[in-house]
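In case you want the letters, here they are:
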Amino acid sequence: MSEEMGSSQKRKLDEIYSSAEEDSDISETEMEDYEEKVHQKLKNGKFTVKLSDLRFRCPFCLGKRKQDYEYKHLVPHAKGAGKKGSSLKKFREKAKHLALARYLEKDCAPVKEEPMEEEVEEGKIVDVVGSSTVVVEEEKFVYPWKGVVVNTEREFKGGRYIAPSGNRIKEQLVKFNPVRVHSLWGAQGSTGKAIVEFTNDWSGFRSAMSFENEFNSTGHGKGHFGLDRCGVGGMYGWVAREDDYKSDGVVGNFLSRNGDLKTIKDIEDEDLRKNKQLVTSLVNLVDEKNKNLEQVQLQYNETSYSLKNLASQHDKLNKKYNEETLKMQQDQKDRLEKMSNEREELKSRMESQKEELKLQREELEKFKAQSESDREKLIEEKRKNAMKNSKLEMAELEQSKSDNNILRIAEEQKRVKQARLRERIEEEKKLDAKDKLELEVELLTGRLKTLTHMAGDDADLEFAKKVEDLTIDLKDKKEELEDLEAMNQTLIVKERQSNDELQEARKELINVLKETSDRAIIRVKRMGELDPKPFHDACKRKYPRDEAEVKASLLCTYWQDEIKDSNWFPFVNVQVGENEYKTEINEKDEKLSRLRNDMGNEVFKAVEKALFELNEYNGSGRYIVPELWNFKDGRRATLKEGIQRLTKSKKKK
């Protein structure tokens, strides 16, 4: 069942990779280019073909039940599938299988110098290298693959055996691709034995078996070494197996410390399990990437919607501003036209009156009265006319002044209204600037992530240019947002500096007023210090007069030490609202209950007050803290009150 699950996960992974290749049908002339493109993707590892050194699969036949092939069977399958079909719709499948056959023959062919595994008797014997070495399937090897070399060159010098280093032996065995060679040493120096390490894959196994076969073919294998009692035949070598692993001496000790015993089947099963785990993890990774892409798309849609709403609100605000501006300009224009019309009308009336007066004066000049009374009447009439004319001129002057004042006031009102409107718009813009920037940054980030996920290996230059432009825009928006944050941070720093200066001034004021001993309203109070008066009153009622003072002092000292103990926490949080809590004294606390029963409510209240003060001013350390206090109002005094108190004290001195 696990194999079926692994196969389904592999099929799913290859479907994901191959889904990008599902284009429209290609013509026969495009077949060679398409085959070359698929071959390059196979070389780059886009499709899983090789499961192990002995097992392969066809990534383009995902719907078939058979998924595992030997190399010699998969090549004919690829070539045969590449010849099937003659319609244009089959050209894509043909091109893919032809590319697979080309990849298997040129890039994924097994090593030619050694024959492939040939099953002689099922589950028993396998011919691995040549004909001189056979491997029984149940036979256990030391893994990672290791070879044993004995009877290496050495000489006795200075009471010890000296032999060439492991690198010298490695140079002699270089054609077998050893990773490293460890010379084994004993109490008398070199033992003449060494361990050859090979890579822990199947190519390393083939190299190890070639190494053993080479020594066997020249008469220097493990069996030949057993016949060479004197050790004069030169260097012998073989692949380490179970008997070497469990042998006594330096060889067995080294192998047991640096390897395990495994059969060929164990290693194949382990490789298959690792491949299945890899495919499973890749499928899970692809699923996770798809989920992340969906989340990014959702965030992108939400941000786009928010930005659209913001843009709509901005357009409405601009439209409203333009409408109010046009309305104000139209009202101003109508008002000026009305005043101009009234002025013209008044001017016309004044001109007509002047004409009438002029005509009357001319008539009076023509018909001068002969008598004195007539002349006096004429003079009086002239005087009245002159007065009327003067009043009209004054009225005209006042009207001109009034017109100028009206124009000036209208212009001033227009300027003030426009300034107020601009200020309101600027304030709204400033309030929206940071939110808009954050929305724009989030939108650009979402778009960039979306484009990044959408980008493939064959993304065109235009798509890359879009991603680059979007990255530049995102960088600019982030810089603007950082500038706003920097300005806010500067204001916060200045506020903290001012607060620190005030706190330092308050501490200095407390240090100065601590030295005073008067009973002023504003003075220093030791927060968390017990009031001894309730203890003295309670002890006077409970004990004889000569014992009361001593008892009160002892009790006061004892409870002062108790409330300083940070391990004692007689507080509870009481809910006073939906999401509000208030800290209160736990009256069910054993110590406090005993104190109230023994000494009365006044002593209990004094301890409760001191506990609250310590919890508020120094809840962690529970030591007494000096504070500037207003004893009249029973509250923390302000810095201004403390400075006034200090000033008064200096004036009295």
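Since the structure is predicted, the reported quantities are computational estimates derived from the model, not experimental observations.

Caption draft 1: Summary view of the nonpolar core. Membership of the largest hydrophobic core comes to 23 residues, with the highest contact counts inside it found for Leu42, Val49, Leu100 and Leu104. Contributions of two or more residues to this core are made by helix H2 (31-43), helix H3 (71-83) and helix H4 (91-106). When near neighbours in sequence (up to four residues on either side) are disregarded, Val49 contacts Leu42, Arg55, Phe56, Arg57, Pro59, Leu74, Leu100, Tyr103 and Leu104.

Caption draft 2: The sheet that holds strand E12 (residues 522-527), seen in detail. Strands sit in the order E12-E15-E16 across an open sheet of 3 strands; the sheet is antiparallel. Since the sheet does not close on itself, it has two edges, and those belong to E12 and strand E16 (635-636), each with one partner. Here strand E15 (residues 625-630) runs beside E16; their pairing, made up of 2 bridges, is antiparallel. Bridge pairing in E16 links Asn630 to Arg635. Of the strands in this sheet, E12, E15 and E16 touch helix H16 (residues 601-618), which is tilted by about 95° from E12.

Caption draft 3: How the structure looks around helix H13 (residues 532-542). Those residues of H13 that sit buried are Pro534, Phe535, Ala538 and Cys539. Down the axis of H13, the smallest arc covering the buried residues is 130°, so these residues share one side. What points out from H13, more than 90 degrees from its buried face, is the exposed set Lys533, Lys540 and Arg541. Along its buried surface, H13 packs onto helix H14 (545-564), helix H15 (590-599) and H16.

Caption draft 4: Representation of the side chain of Asp589 in the model. As for its placement among the helices and strands, Asp589 is situated in the loop between strand E14 (581-585) and H15. Within the buried set, Asp589 has no salt-bridge partner at all; the shortest N-O distance to an opposite charge, 6.6 Å, is to Lys591. At a separation of 3.3 Å, a polar atom in the side chain of Asp589 contacts the side chain of Trp568. A polar side-chain atom of Asp589 sits 3.1 Å from the main-chain amide nitrogen of Lys591. The residues touching Asp589, leaving out its near neighbours within four places in the chain, are Trp568 and Pro570.

Caption draft 5: Highlighting the pattern of salt bridges. For the structure on display, the rule yields 21 salt bridges. Close ionic contact of Lys246 with Glu242 constitutes a salt bridge, the shortest N to O distance being 2.9 Å. On the basis of relative accessible area, Lys246 is assigned to the exposed category, the value being 57%. Put simply, Arg526 and Glu529 hold a salt bridge, and the shortest N to O gap is 2.9 Å. Owing to a relative accessible area of 43%, Arg526 belongs among the partly exposed residues under this scheme. A relative accessible area of 37% places Glu529 in the partly exposed class. Linked through salt bridges whose partners overlap, the residues forming this network are Glu139, Glu212 and Arg241.

Caption draft 6: Focus on H2. With 13 residues, H2 extends 18 Å from end C-alpha to end C-alpha; this agrees with the ideal 18 Å at 1.5 Å per step. Looking only at H2, the buried set comprises Met31, Tyr34, Glu35, Val38, His39, Lys41 and Leu42. Buried residues of H2 fall within an arc of 160° about the axis and therefore sit on the same side. In H2, the exposed positions angled more than 90 degrees off the buried face are occupied by Glu32 and Asp33. Against the buried residues of H2 lie H4. Directly beyond the C-terminal end of H2, a positive phi value near 85° is found at Gly45.

Quick notes on the rules
- Per chain, residue numbering runs from 1 following the sequence as it is written.
- Owing to the predicted nature of the model, reporting of local features is limited to residues with pLDDT of at least 70; listing and counting of side-chain atom pairs is limited to 80 or more, with chain, interface and lining totals taken over all residues.
- Excluded from the side-chain calculations are hydrogens and water; all other atoms, namely the structure's heavy atoms, are used.
- To define a nonpolar core, start from buried Ala, Val, Leu, Ile, Met, Phe, Trp, Tyr and Cys residues and group those joined through side-chain atoms within 4.5 Å.
- Accessibility here uses a 1.4 Å probe with only protein chains present; expressed as a share of the type maximum, an area under 20% marks a residue as buried, one over 50% as exposed, and anything in between as partly exposed.
- Helix numbering and strand numbering both begin at the N terminus, where a helix is a DSSP run of H or I of at least 4 residues and a strand a DSSP run of E of at least 2.
- Any two residues whose heavy atoms approach within 4.5 Å are treated as being in contact.
- In this analysis, strands are considered paired if DSSP registers two or more bridges between them.
- A fitted line through C-alpha atoms represents every axis, and for helices the fit uses only the stretch in contact; the resulting angles, taken between N-to-C directions, go from 0 to 180 degrees.
- In this context, the arc is that of the directions from the helix axis out to the C-beta atoms.
- By the counting scheme adopted, Arg and Lys are positive, Glu and Asp are negative, and His together with the chain ends is not counted.
- We define a salt bridge as a contact between a side-chain nitrogen of Lys or Arg and a carboxyl oxygen of Asp or Glu at a distance within 4 Å.
- Polar contact is defined as a pair of N or O atoms within 3.5 Å, subject to the rule that within protein one atom must be able to donate a hydrogen and the other to accept it, and that residues adjacent in sequence are counted only when both atoms are side-chain atoms.
- How far a helix is expected to stretch is found by multiplying one less than its residue total by 1.5 Å.

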